[in-house]
Amino acid sequence: DQQVKQNSPSLSVQEGRISILNCDYTNSMFDYFLWYKKYPAEGPTFLISISSIKDKNEDGRFTVFLNKSAKHLSLHIVPSQPGDSAVYFCAASEYSNYQLIWGAGTKLIIKP
Amino acid sequence: DAGVIQSPRHEVTEMGQEVTLRCKPISGHNSLFWYRQTMMRGLELLIYFNNNVPIDDSGMPEDRFSAKMPNASFSTLKIQPSEPRDSAVYFCASRQGESNQPQHFGDGTRLSIL
């Protein structure tokens, strides 16, 4: 049973436009959520996180939104740049648990 | 600041051989994680250390896999004997503090067992 789901395997966006990556979860005990970016032949790089006491967190071009009632979070990248082309992973955890539960990833392609 | 350092970056060896993967976590981080990534199963947690002590090794696939953390700045993951199905990318990650802190990953070791 996948507790964290990224239903879009890939997403193509024009440079300069907004990229929106989505993630759904099933475990209502999750209270900490993270987004990672991964380039080929590199490890995942931490991008941004949000705790369940917030519904939005912003860092530069990256904003994460959390909708607890819908068990849904999204990552907005604006404006999208060619260097944003990568695989994006959503992950979640419970405060008392060290384990991160990972989504399968979404490949973002930024078109020039 | 130095990130998590893994070595080697690539390892190709014949089945039956012993393989040792190495990891240096970020200084000051007290949690260390070993992951395996495959196309079929994605990112799987193998083992978690806290303050150099193995807390959860339930993800270690078989007795052929073992991991140690002799001090706060070094960890090894060993496979003996190795098998072709162990071929994967192995990542090490470290984290400062307890929960609600991000894990930081190394660039991984791509392991191929022939």
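As shown above, the structure is provided for reference.
Residues numbered from 1 in each chain as written. Chains lettered and ligands numbered in written order. Predicted model: local features only at pLDDT ≥ 70, side-chain atom pairs only at ≥ 80, totals over all residues. Heavy atoms only, no water.

### Remarks on the pattern of salt bridges
All names here are of chain A. On inspection of all chains with the given rule, the structure shows 10 salt bridges over all chains. Residue Lys-56 pairs with Glu-58 through a salt bridge whose shortest N-O separation is 3.9 Å. A salt bridge links Arg-61 to Asp-84, with the nearest nitrogen and oxygen atoms 2.8 Å apart. With Arg-61 in the loop between strand E6 (56–59) and strand E7 (62–67) and Asp-84 in the loop between strand E8 (72–77) and strand E9 (86–93), the pair connects residues that are 23 residues apart, well separated along the chain. (Salt bridge = Lys/Arg side-chain N within 4 Å of Asp/Glu carboxyl O. Helix = DSSP H or I, 4+ residues; strand = E, 2+ residues; numbered from the N terminus.)

### Some remarks on the interface of chain A and chain B
Facing 19 residues of chain A, the contacting portion of chain B comprises 19 residues. Both sides of the chain A and chain B interface together cover about 1500 Å² of buried area, and 58% of this is carbon and sulfur. For the chain A face of the interface with chain B, the top three residues by lost area are Tyr32(A), Tyr98(A) and Trp102(A), together amounting to 39%. There are 3 residue pairs in polar contact (both at pLDDT 80 or more) connecting chain A and chain B. The element that contributes the greatest number of residues to the side of chain A that touches chain B is strand E4 (residues 32–38) of chain A, accounting for 4 residues. Tallied by class, the residues present in the side of chain A that touches chain B amount to 11 nonpolar, 4 polar and 4 charged. (Contact = heavy atoms within 4.5 Å. Buried area = accessible area lost by both parts, 1.4 Å probe. Polar contact = N/O pair within 3.5 Å; in protein donor to acceptor, adjacent residues only side chain to side chain. Nonpolar A, V, L, I, M, F, W, Y, C, P; charged D, E, K, R; others polar.)

### Description of the nonpolar core
Within the largest apolar cluster, 23 residues are counted, with the highest numbers of intra-cluster contacts made by Phe33(A), Trp35(A), Leu73(A), Leu75(A) and Tyr88(A). Of all the secondary-structure elements, those providing two or more residues to this core are strand E3 (19–25), E4, strand E5 (45–51), E7, E8, E9 and strand E11 (106–111) of chain A. When residues no more than four places from it in sequence are discounted, the contact partners of Phe33(A) are Tyr25(A), Ile48(A), Ser49(A), Ile50(A), Leu66(A), Leu73(A), Ala91(A) and Ala92(A). The next biggest cluster of nonpolar side chains, apart from the first, holds 21 residues, and it includes Cys23(B), Trp34(B), Leu77(B) and Ile79(B). (Core = buried A, V, L, I, M, F, W, Y, C linked by side-chain atoms within 4.5 Å. Buried < 20%, exposed > 50% of the residue type's maximum accessible area, 1.4 Å probe, protein only.)

### Things to note about unusual backbone geometry
Backbone torsion omega between Val78(A) and Pro79(A) reads -5°, so that peptide bond is classified as cis. Within the fold, Pro79(A) resides in the loop between E8 and E9. A cis amide bond links Ser7(B) to the next residue, Pro8(B), at an omega of -10°. Of note in this structure, Ala41(A) is not a glycine but carries a positive phi near 65°. Summarising the element assignment, Ala41(A) is placed in the loop between E4 and E5. Of note in this structure, Asn52(B) is not a glycine but carries a positive phi near 75°. Mapped onto the secondary structure, Asn52(B) falls in the loop between strand E5 (42–50) and strand E6 (53–56).

### Observations concerning the sheet that holds strand E1 (residues 4–5) of chain A
All names here are of chain A. A sheet is described by the order of its strands in space; here 5 strands give the open sequence E1-E3-E8-E7-E6, paired in antiparallel fashion. In this open sheet, the two strands that pair with only one neighbour each are E1 and E6. Relative to E8, E7 is paired through 6 bridges, and the arrangement is antiparallel. Note that in E8 the partner of Phe-65 across the bridge is Ser-74. (Pairing = 2+ DSSP bridges.)

### A closer look at a nonpolar patch on the surface
All names here are of chain A. Nonpolar side chains collect at one region of the surface, where Ile-18, Ile-20 and Val-78 lie side by side and expose about 230 Å² of accessible area between them. Of note, Val-78 is situated in the loop between E8 and E9. Residue Val-78 is classed as partly exposed on the basis of its relative accessible area of 43%. (Patch = residues over 30% accessible without salt bridge, like charges linked within 9 Å, V, L, I, M, F, W, Y side chains within 5 Å. Areas by Shrake-Rupley, 256 points an atom, 1.4 Å probe, with all protein chains shown as cover.)

### Side note on the sheet that holds strand E1 (residues 5–7) of chain B
All names here are of chain B. Spatial strand order, E1-E3-E8-E7: 4 strands in an open sheet with antiparallel pairing. Lying at the two open borders of the sheet, with one neighbouring strand each, are E1 and strand E7 (65–71). Sheet twist, expressed as the mean angle between neighbouring strand axes with direction ignored, is 15°. Relative to strand E8 (residues 74–79), E7 runs antiparallel, the two being bridged by 5 bridges. In the strand pairing of E8, Phe-65 is matched with Ile-79. (Axes fitted to C-alpha atoms, helices over the stretch in contact; angles between N-to-C directions.)

Taken by themselves, the reported measurements are silent on function.
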